[in-house]
Amino acid sequence: MATSFDHARRFFDQAADVLDLSQNMRTLLLTPQREIKVQVAVERDNGELSTLIGYRIQHDKSRGPMKGGLRFHPEVDEAEVLTLASLMTWKTAVVNLPYGGAKGGIAVDPRTLSVGELERITRKFVDEIHDMVGPDKDIPAPDMGTNAQVMAWFANQYEKFYGFQPACVTGKPVDLHGSEGREEATGRGVVTIAEALFKKLNRPLVGARVALQGFGNVGSFAAEYLMEKGARVVGLTDMTGGVWNPEGLDVRKLLEHAKSAGGVKGFPGTDPLSNEQLFGADVDLLIPAALGGVINAANATSIRAPYIVEAANNPTTPEADEILHKKGVIVVPDILANAGGVTVSYFEWVQNRQHFKWDLERVRTELNKVMHESFERVWKIAEEKKIPLRTAAYVLGIGRVGRATVLGGV
Ligand code: NAD
């Protein structure tokens, strides 16, 4: 069976063909630098012992220290972490940050853990990998199932070995060396990209109907900014179910409901919505902001949205991508669309290293600049080479990583 890394390789190869890369160069760029797999043994609250598996895959460091999220999710496995690590390499290059790519994860369902268990797992994982990560080596950040609190525990545990090192991890709480605007950054960046796309196509974002999967860190901020921009989020699903209102959901009220009810399901004044219905909905824009592989050969033909902005990592399989391309659906790929998070993570790292705090306005202004410049660059490559935006983004990212690799000397 094809793994998610086989999918990532197909996207890579489409761009490598455009760049006319040799087989040796392809192998060099795709092969990870280092794969770390550790045992994370912790005592549960009931006194039992749990033995979990933790991964950190360091994909490429030719452009700088490696950077990538840390995911706590039951479906985390080696192939997925490797896929996501390689996406980070191309992503940091697309937005031109001085970083390489990495990713980590622990195969665990954080919803089944107490706060104490979550903290012990995080600290134990740091104990196992601390000598292979750090501000100049590999800098983790939040991803699915992890948050600012997890990053705070990570930094605190790392500092037990190395002293004051706030730049060892990003996405920390603002009260503990985090950056203003980091939490909102991915969702905000997604909306900036959606706005840039609609502008290019001479379509108004005001009044546009949007369907969104996921209401966590990325999805909730994206929904809020879409509402601020005058778009109508008409459909939304999360782990608990989904909600539909053709007039547009009141995102702030939905947030309050989700906080108290544990999810979006049952929000008053809405009809229930399944993921299947969400992906087939008659909307102007579809934003997957949850899991990978959700747009696939089984549902791609039924997608009616003319535009997709990928907030999640790796949400579209290559088969689906081909179907969507043939249908004329424009897809802004993850490695551009959701790069706002790693961009503000970079700003946080810069602030930590300079011991100088930026205000929110500066963070937003700089983020806006990076997202717009990167979008323009990818759009131009797509136009000039007559290729889809995904291939264009890979051409930009792989081209930059390839040049750095050759310049540094193999
Ligand atoms: P999160 O854990 O905060 O939220 C995940 C959301 O997905 C939750 O609302 C959950 O209910 C929902 N979900 C899970 N399973 C679902 C299902 N079967 N159907 C519908 N919804 C479901 O995670 P996040 O940080 O918001 O990340 C979301 C995606 O964005 C991931 O793919 C992640 O890799 C990507 N991403 C995150 C960041 C970041 O800064 N957090 C940056 C770039 C990319």
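Residues numbered from 1 in each chain as written. Predicted model: local features only at pLDDT ≥ 70, side-chain atom pairs only at ≥ 80, totals over all residues. Heavy atoms only, no water.

> Sorry, what's going on with the sheet that holds strand 4 (residues 100–106) here?
Paired through backbone hydrogen bonds, the strands of a sheet run either parallel or antiparallel to each other. Ordered by their spatial adjacency, five strands build an open sheet running 1-2-4-3-5, and the pairing between neighbours is mixed. Looking at which strands have only one partner, the edges of the open sheet turn out to be strand 1 (34–43) and strand 5 (138–142). Averaged over neighbouring strand pairs, the angle between their axes works out to 20° when direction is ignored. Here strand 2 (residues 49–60) pairs with strand 4 via six bridges, running antiparallel. Note on strand 4: the bridge partner recorded for Gln58 is Ala102. (Pairing = 2+ DSSP bridges. Helix = DSSP H or I, 4+ residues; strand = E, 2+ residues; numbered from the N terminus. Axes fitted to C-alpha atoms, helices over the stretch in contact; angles between N-to-C directions.)

> Looking at this structure, I do not really get the side chain of Thr316. What am I missing?
Along the chain, Thr316 turns up in the loop between strand 11 (307–309) and helix 10 (318–327). Judged by relative accessible area, which is 2%, Thr316 ranks as buried. At 2.5 Å, the side chain of Thr316 and the side chain of Glu310 are in polar contact. Ignoring sequence-local partners within four residues, the contact set of Thr316 consists of Phe11, Gly293, Ile295, Glu310, Asp321, Leu324 and Arg390. (Buried < 20%, exposed > 50% of the residue type's maximum accessible area, 1.4 Å probe, protein only. Polar contact = N/O pair within 3.5 Å; in protein donor to acceptor, adjacent residues only side chain to side chain. Contact = heavy atoms within 4.5 Å.)

> How should I be thinking about the pattern of salt bridges in this particular structure?
Should the charged atoms of two oppositely charged side chains come close, the side chains can pair. This model, assessed by the stated rule, comprises 29 salt bridges. Between Arg209 and Asp284 there is a salt bridge, with the nearest N and O atoms lying 3.2 Å from each other. Of this pair, Arg209 sits in strand 6 (residues 209–213) while Asp284 sits in the loop between helix 9 (275–279) and strand 10 (285–288), placing them 75 residues apart in sequence. You can call Arg209 partly exposed: its relative accessible area is 24%. Residue Asp284 is classed as buried on the basis of its relative accessible area of 11%. Across the pair Arg390 and Glu310 runs a salt bridge whose closest N-O atoms are separated by 2.8 Å. With Arg390 in helix 14 (residues 389–408) and Glu310 in the loop between strand 11 and helix 10, this residue pair connects regions lying 80 residues apart in the sequence. (Salt bridge = Lys/Arg side-chain N within 4 Å of Asp/Glu carboxyl O.)

> Whenever I open this one, the domain arrangement of the protein chain confuses me. Can you help?
How big an interface is tends to be expressed through the accessible area that disappears when the partners come together. Considered domain by domain, the protein chain is made up of domain 1 (34–173) and domain 2 (179–410). Centre-to-centre separation of domain 1 and domain 2, based on C-alpha positions: 23 Å. Contact residues are listed per partner, giving 37 residues for domain 1 and 33 residues for domain 2. Buried surface at the junction of domain 1 and domain 2, both sides included, amounts to about 2800 Å², of which 67% is carbon and sulfur. Three residues stand out in domain 1 for area buried against domain 2, namely Trp90, Lys91 and Val94, and they jointly supply 23% of the buried area on that side. Our count for the contact surface shared by domain 1 and domain 2 stands at two salt bridges. A salt bridge links Asp136 to Arg353; its shortest N-O distance comes to 2.7 Å. (Domains from an automatic or database assignment. Buried area = accessible area lost by both parts, 1.4 Å probe.)

> Would you take a moment to explain the packing of helix 6 (residues 182–200) against helix 12 (residues 340–354) for this structure?
Each pair of packed helices can be summarised by the angle the axes make with each other and by the distance between the axes. Contact geometry of helix 6 with helix 12 gives a least axis separation of 7 Å together with a crossing angle of 145°. When you trace helix 6 past helix 12, the crossing you get is right-handed. Touching Arg182, Ala185 and Thr186 of helix 6 are Gly340, Gly341, Val344, Ser345 and Glu348, all from helix 12. Considering only residue class, the contact of helix 6 with helix 12 consists of two nonpolar, four polar and two charged. (Left-handed = near helix turned anticlockwise from the far one by under 90°. Nonpolar A, V, L, I, M, F, W, Y, C, P; charged D, E, K, R; others polar.)

> Explanation requested: helix 1 (residues 4–19) in the structure shown.
Side chains that are three or four residues apart share a direction in an α-helix, a result of its 3.6 residues per turn. With 16 residues, helix 1 should reach 22 Å at 1.5 Å per residue; the first-to-last C-alpha distance of 23 Å fits that figure. Within the span of helix 1, buried status applies to Phe5, His7, Ala8, Phe11, Phe12, Ala15 and Ala16. Each element contacted by the buried residues of helix 1 is listed here: helix 2 (23–30), helix 3 (78–94), helix 10 and helix 14. Once helix 1 ends, the next one or two residues include Asp20, with phi positive near 55°. (Expected span 1.5 Å × (residues − 1).)

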